[in-house]
Amino acid sequence: MIDGGLPFNRGFTPGHEYMGTIVKLGPTVDEFQVGERVTVEVHAGCGRCQRCREGMYTSCLNYGYRAKGHRANGFSTDGGFAEYAVNNINTLAHVPDDMSDAEATLVVTAGTAMYGLDVMGGVIAGEGVVVIGPGPIGLMGVGVAKALGAQPVILTGTRDRRLEMGKRLGADHIVNVGREDAVEAVQRLTGGRGAQYVLECSGAPKALNEAARMVNRGGRICLAAFPADPVPVDLAYLVRNNIYVFGIRGEGKSATHRAAALMAQKRFDAKLIHTHTFSFAEVPTAIRYARERIEDAIKVVVQIRET
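In this report, we go over the structure that sits alongside the text. It should be emphasised that the depicted structure is a prediction, and the values quoted were computed from it without experimental measurement.

Here we look at the sheet that holds strand β1 (residues 18–21)
In a beta sheet, neighbouring strands are held together by backbone hydrogen bonds and run either parallel or antiparallel to one another.
Phase 1: Strand order in this open sheet of 3 strands is β1-β2-β5, and the pairing throughout is antiparallel. The open sheet has two edge strands, β1 and β5 (92–94), and neither has a second partner. When the angles between neighbouring strand axes are averaged without regard to direction, this sheet yields 35 degrees.
Phase 2: Sheet topology note: the β1/strand β2 (residues 37–40) ladder contains 4 bridges and is antiparallel. In the strand pairing of β2, Tyr18 is matched with Val40.

Shown next, in the form of structure tokens:
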């Protein structure tokens, strides 16, 4: 998808989930002002295909086809590892004055969780939600689910520090799957009824089959992670129990704006998952920390200028 000369797509700028300050506007733009801080969604669909017209621009049928207007910051078009970036107005969301720059970079992460929970999943107050995997999207999923009134919210994972962070974000129960069977724990915590909804953020090979046994009949499973290899799935169990399974990519249907509203209202503390900050000159190190989870890095921020 990424253009640019070889080797390594020369001339292409990566970087997504970023924020910045507006320094110049297009000739017809009056929705924002110079000097205003904004956070930037990854995707701007082509605006002309069926999916974009439905608001599902992260599923644009012209994905990667820039000649038809599609943009995906840091993927199919230039991203945020630069001093200046040009963005479609549809990708911008206002940053409140009392929100830090670093927290603003987390709005899109929360928007992805929001998309899975309120649009694709239809989660409502009083329903049980299990989040598998306490990575950035999983932890934001805990915060968003609790802000939407889910009860109980159960977080499963292998790292105690991250599980404890999930508790601070609103999880009612945490389960370390290294010490306890995740399915048995969910059934115990829900009185044998199971949850109505599972947000799968781990990409683990067994995650979908385990999620199916965590939800009750007619429950919903949202897949937000990318397994490294194809995985076997017990389709008969899904069919017999009328379980809905769907995947999401990114933060469609303006979910970022709704997540930003929850963060502005202090409904959950997204700042908790910001673990490391590096300077612009240290981008390779920042990427290494994120990729290798050095010092249990969760969300790594690159700061273009010193403040």
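Still to come is the rest of the account.
Let's talk about the sheet that holds strand β8 (residues 173–176)
Phase 1: With parallel pairing, the 6 strands of this open sheet are ordered in space as β8-β7-β6-β9-β10-β11. Each edge of the sheet is formed by a strand with only one pairing partner; in this case those strands are β8 and β11 (244–247). In this sheet, adjacent strand axes meet at a mean angle of 15 degrees when their direction is disregarded.
Phase 2: Pairing between strand β7 (residues 153–157) and β8: 4 bridges, direction parallel. Bridge pairing in β8 links Leu155 to Ile174.
Phase 3: Packing against the sheet, helix α6 (residues 182–189) makes contact with β6 (129–132), β7 and β8, and its axis sits at approximately 160 degrees to β8.

Some details on the pairing of β11
Phase 1: Bridge analysis of strand β10 (residues 215–223) against β11 gives 4 bridges, and the strand direction is parallel. Looking across to β11, one finds that Arg220 is bridged to Tyr244.
Phase 2: Each parallel crossover has a hand, and for β10 linked through helix α8 (residues 235–240) to β11 it is right-handed.

Observations regarding the packing of helix α3 (residues 107–120) against helix α9 (residues 255–264)
Phase 1: Closest axis-to-axis distance for the α3/α9 pair is 7 Å, and the angle between their directions is 110 degrees. One element, α3, and the other, α9, form an angle in the roughly perpendicular class. Contact residues: α3 offers Val107, Val108, Ala110, Gly111, Met114, Tyr115, Asp118 and Val119, while α9 offers Ala255, Thr256, Arg258, Ala259, Ala260, Leu262 and Met263.
Phase 2: For the contact of α3 with α9, the residue count by class is 11 nonpolar, 2 polar and 2 charged.

Procedures and definitions
- Residues numbered from 1 in each chain as written.
- Predicted model: local features only at pLDDT ≥ 70, side-chain atom pairs only at ≥ 80, totals over all residues.
- Heavy atoms only, no water.
- Pairing = 2+ DSSP bridges.
- Helix = DSSP H or I, 4+ residues; strand = E, 2+ residues; numbered from the N terminus.
- Axes fitted to C-alpha atoms, helices over the stretch in contact; angles between N-to-C directions.
- Contact = heavy atoms within 4.5 Å.
- Right-handed = clockwise from strand over helix to strand, strands pointing away.
- Parallel < 35°, antiparallel > 145°, perpendicular 65-115°, else oblique.
- Nonpolar A, V, L, I, M, F, W, Y, C, P; charged D, E, K, R; others polar.

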